[in-house]
Amino acid sequence: MTETRPTAGAVRPAGVSRTGQAGKTPPVPDPALLHAIIEASTEGVVLCDADGRFVMVNSAAARLVPELAAGDPPAAARSLFDRTCPVGETRHTAHGDRLLQVRRERFSLVHHAWYLRDVTGDSARTDALLEERRRNEFLVEASRRLSASLNTRRCARATAELAASFLTDAAMVVLPPTGRHASWLRALPDGTLQEGTIALGDTAAVPGLSEALAGFPPVPSRWLDPAQAPAWLMPEGFGQAGHLLVTPLPGNGVPAGALVLARREDGPAFDEADEILVRVFAARAGAAISAAVLYQEQSATNATLTGDLLPPALPPVPGVEIAGSLRASQQTGLIGGDFYDVYLPDAVTAAADPGRRPLLTLGDVCGKGTGAAVLAGQVRQCLRALLLLEGEPERLVPLINRSLLASPARNAYVTLVLGALRPEPSGHTQVELAVAGHPAPLVLRADGTVEELASYGSMLGVLKQIVVTIVTVDLAPGDVLLLYSDGITEAFGGPAGREMFGAERLKAALATCAGMPVAAVVERLEQISTEWLAHGEHDDRALLAVQAVRPAPRARDRERAAR
Amino acid sequence: MQEKTQLNVEVVPAGPGVTRLVMTGDLDYHTAGDLSALLPGLFGAQAGQGTVMEADLSGLEFIDSSGVAALIHLYQACEQHEMALRIVALTSYLRHLFQVTALDRLFDLPTL
């Protein structure tokens, strides 16, 4: 027999059928020949006669089912040889600790043969493969969910929920302790989520937890006595945990907390494969949680640091209305190298120098982003300090220049406009301006005329000797003085996308704002500039506008007018 | 700007003791570093050989504050190596920019 696995009815052992055709009565094949044929098979073969009695058992079959012998099937093995099973059909039947694949075939005209094959190993391999695939799918899902957030709590929640859905009956994430407490989140397979905090001292009561929180490698589950676990560790109604597994969540250099898994007493213990899977999962969860912790810490630091770099709220200044707009070049950043500010003299300065005027500034430091924002913040602060001693733009500008030259920062180059405001009882406001290397301010008159101030001055932070000319502009009530940064005029965009907005377009746009309140002027110009840019990349853009307003009539005047 | 234009700097010998830098493209926040990075090599190779550095800026399409800073660095580097920086060609836009920032007092610009 060359074929070890004849398929249903299609192949008949050649030697046997030839013998069958030769005789007139149903021939009985030569037992020696039959024996040789079935012994040649690596499958277990049990030959039986038409009544189902065993005629011959090959040695492979005898190895698989030792109790087999010629004659009636032994009771113990009867389930294997179910004669109701159709010829050619394959079944799997457990026998002892083996899983056997059983098939019945016609063998000769008088015999049937049972073919037996041990598939215990195949099945175990298949099960292992499926299990491996399930674990991989779990880890892929875990990575997907864990990478979706940079929020510590959400990462911890995903960790607990993933663990509860796949690994255990209750999963608890204990986050790295802050101060004397540690926050925890607990998830159950039914989706229940609980949260709380524990005192740091209480973590010592849970076997293995303090060690895991300190980042020590996990100990095998079998070393942990679930009976020692305190009641608070388990959800209400959970009962006594039967098996406990405590795994550190390794972070970037520092532990990111610990994962506590509990299975019920009647549940399976954590085997080695479980512990390996949990460790791999914990590594991913720990990385996600520690990234989130780091991100949140840095965000908080950033928020603190950028707080002073954000555009300031503009204080009310008598006699004028002021509005400003600042757009940072980088979409994600609120801060950039353009700045503006308005300074009112403090009480001491005002008392000492009654002539001291409110001062406004708009400037642009070299570069973009955080570095530029830091320098812009320094210039604003420097100006605030200088104003305690000096109020004249003409003298302030050289002082700022000296301060910048002394700055250790590379590229501490700044262009700016300083303006001192002197409102008059008539409603006019005189503005004394120093323009240092900055685009010339524009003035919008009430009739829609736009003037460009003739100004000249050095960029600051470059040279020891600078030139600054002072221009004074008289704003009648309704007139608007506009300070802007070159990000407005040098914005590339327009219909073709590569055209500069330019000073002429800005003047034309400003001319359309006659009669508007100053906040509307700034808003409109900002909008026109943004539309020009469409979706293009842009520099930082700053606008600051001052409008002279007629002083509100005093109460007594109003009463007189009413009579 | 939507399309990034690169900065190209060509170093051309322009007579005895004169090195000429021909810059084309955009000198801005993104490319200013390229120019600054060139400087050490430039002076390393030319050390003691030249007395004048010429800059042809007529091919610069755009320059921002970072670009201006890079030119200031170039000026300062020249000063350090006792070379004169002469701007031999520039666009009207650049001339306006140098006037606004009063850098026309620092840079040696071609007369109109």
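Residues numbered from 1 in each chain as written. Chains lettered and ligands numbered in written order. Predicted model: local features only at pLDDT ≥ 70, side-chain atom pairs only at ≥ 80, totals over all residues. Heavy atoms only, no water.

A. Spatial organisation of the overall build of chain B. Regarding its fold elements, chain B presents three helices and four strands. For chain B, the succession of helices and strands along the chain, N to C, is β-β-α-β-α-β-α. Its C-alpha atoms put chain B at 40 × 30 × 20 Å along the principal axes. By residue count, 51% of the 112 residues in chain B fall in the buried class. Within chain B, residue pairs in contact and separated by at least 24 positions form 68% of the contacts whose partners lie at least 6 positions apart. When the accessible area of chain B is evaluated, it comes to approximately 5200 Å², of which 51% is carbon and sulfur surface. (Helix = DSSP H or I, 4+ residues; strand = E, 2+ residues; numbered from the N terminus. Buried < 20%, exposed > 50% of the residue type's maximum accessible area, 1.4 Å probe, protein only. Contact = heavy atoms within 4.5 Å. Areas by Shrake-Rupley, 256 points an atom, 1.4 Å probe, with all protein chains shown as cover.)

B. Fine view of the packing of helix H9 (residues 369-386) of chain A against helix H10 (residues 393-405) of chain A. All names here are of chain A. Where H9 meets H10, the axes come as close as 11 Å, and the angle between the chain directions of the two elements is 130 degrees. As the angle between them shows, H9 and H10 are arranged oblique. When the axes of H9 and H10 are compared, the crossing they make is right-handed. For the pair H9 and H10, contact is made by Leu375, Val379, Cys382, Leu383 and Leu386 and by Leu396, Leu399, Ile400, Ser403 and Leu404, respectively. Its residues assigned to classes, the contact of H9 with H10 shows nine nonpolar, one polar and no charged. (Axes fitted to C-alpha atoms, helices over the stretch in contact; angles between N-to-C directions. Parallel < 35°, antiparallel > 145°, perpendicular 65-115°, else oblique. Left-handed = near helix turned anticlockwise from the far one by under 90°. Nonpolar A, V, L, I, M, F, W, Y, C, P; charged D, E, K, R; others polar.)

C. Focus on the pattern of salt bridges. All names here are of chain A. The full count for this structure, using the stated rule, is 28 salt bridges over all chains. Residue Arg135 is joined to Asp274 by a salt bridge in which the shortest nitrogen-to-oxygen separation is 3.6 Å. Note that Arg135 is positioned in helix H4 (residues 120-146) and Asp274 in helix H7 (residues 272-307), a separation of 139 residues in sequence. As far as burial versus exposure is concerned, Arg135 and Asp274 are alike and both buried. Here Asp274 ties to Arg263 by a salt bridge, and the two come within 3.2 Å at their closest N and O atoms. Residue Asp274 is found in helix H7, and its partner Arg263 is found in strand E10 (residues 255-264); the two are separated by eleven residues along the sequence. Classification of Asp274 by relative accessible area gives buried; the value is 11%. (Salt bridge = Lys/Arg side-chain N within 4 Å of Asp/Glu carboxyl O.)

D. A look at the UniProt feature "domain: GAF" (unreviewed entry) in chain A. Residues given the UniProt feature "domain: GAF" (unreviewed entry) here are residues 150-299 of chain A. For residues 150-299 of chain A, the end-to-end C-alpha separation is 11 Å, with 32% helix and 26% strand making up the annotated structure. (UniProt positions renumbered as here; feature names shortened; annotations may be inferred.)

E. Inspection of the packing of aromatic side chains at higher detail. All names here are of chain A. One pass over the full model with this rule turns up eight aromatic pairs over all chains. Centre to centre, the rings of Phe138 and Phe166 are 4.3 Å apart; their planes meet at 5 degrees, and the pair counts as stacked. Residue Phe138 is located in helix H4, and its partner Phe166 is located in helix H5 (residues 152-166); the two are separated by 28 residues in the primary sequence. Consider the rings of Phe501 and Trp532, whose centres lie 5.4 Å apart with planes at 65 degrees: the pair is edge-to-face. In this pair, Phe501 is assigned in the loop between strand E21 (499-500) and helix H12 (502-511) and Trp532 in helix H13 (residues 518-533), connecting sequence segments 31 residues apart. The same class applies to Phe501 as to Trp532, namely buried. Through a chain of ring-to-ring contacts, three or more aromatic side chains come together here, namely Phe54, Phe81 and Trp114. (Phe/Tyr/Trp six-rings, centres within 6.5 Å; stacked < 30°, edge-to-face > 60°.)

F. Geometry of unusual backbone geometry. We note that A:Asn411 has phi near 60 degrees; this positive angle belongs to a residue other than glycine. Along the chain, A:Asn411 turns up in the loop between H10 and strand E14 (414-423). Look at B:Glu82: it is not a glycine, yet its phi comes out positive at around 55 degrees. When you line up the elements, B:Glu82 lands in the loop between helix H2 (65-80) and strand E4 (84-89). Of the residues examined, B:Glu82 reaches a relative accessible area of 72% and is grouped as exposed.

G. Fine view of the interface of chain B and chain A. The interface is formed by 28 residues belonging to chain B together with 27 residues belonging to chain A. For the pairing of chain B and chain A, the buried interface totals around 2300 Å² over both sides, and the portion due to carbon and sulfur atoms is 55%. Run the count over chain B and chain A and you get zero salt bridges. Viewed at the interface, chain A and chain B are joined by seven residue pairs in polar contact (both at pLDDT 80 or more). (Buried area = accessible area lost by both parts, 1.4 Å probe. Polar contact = N/O pair within 3.5 Å; in protein donor to acceptor, adjacent residues only side chain to side chain.)

H. Fine view of the sheet that holds strand E22 (residues 541-548) of chain A. Residues and elements named next belong to chain A. If you walk across this open sheet you meet the five strands as E11-E22-E19-E16-E17, and the pairing is antiparallel. Each edge of the open sheet is held by one strand with a lone partner, namely strand E11 (320-327) and strand E17 (450-452). The average undirected angle you get between the axes of adjacent strands in this sheet is 20 degrees. The strands that H12 touches are strand E16 (442-444), E17 and strand E19 (480-484); relative to E16, the one it contacts most, it runs at about 25 degrees. Together, E11, E19 and E22 form the strand contacts of H13, whose direction differs from that of E22 by roughly 155 degrees. (Pairing = 2+ DSSP bridges.)

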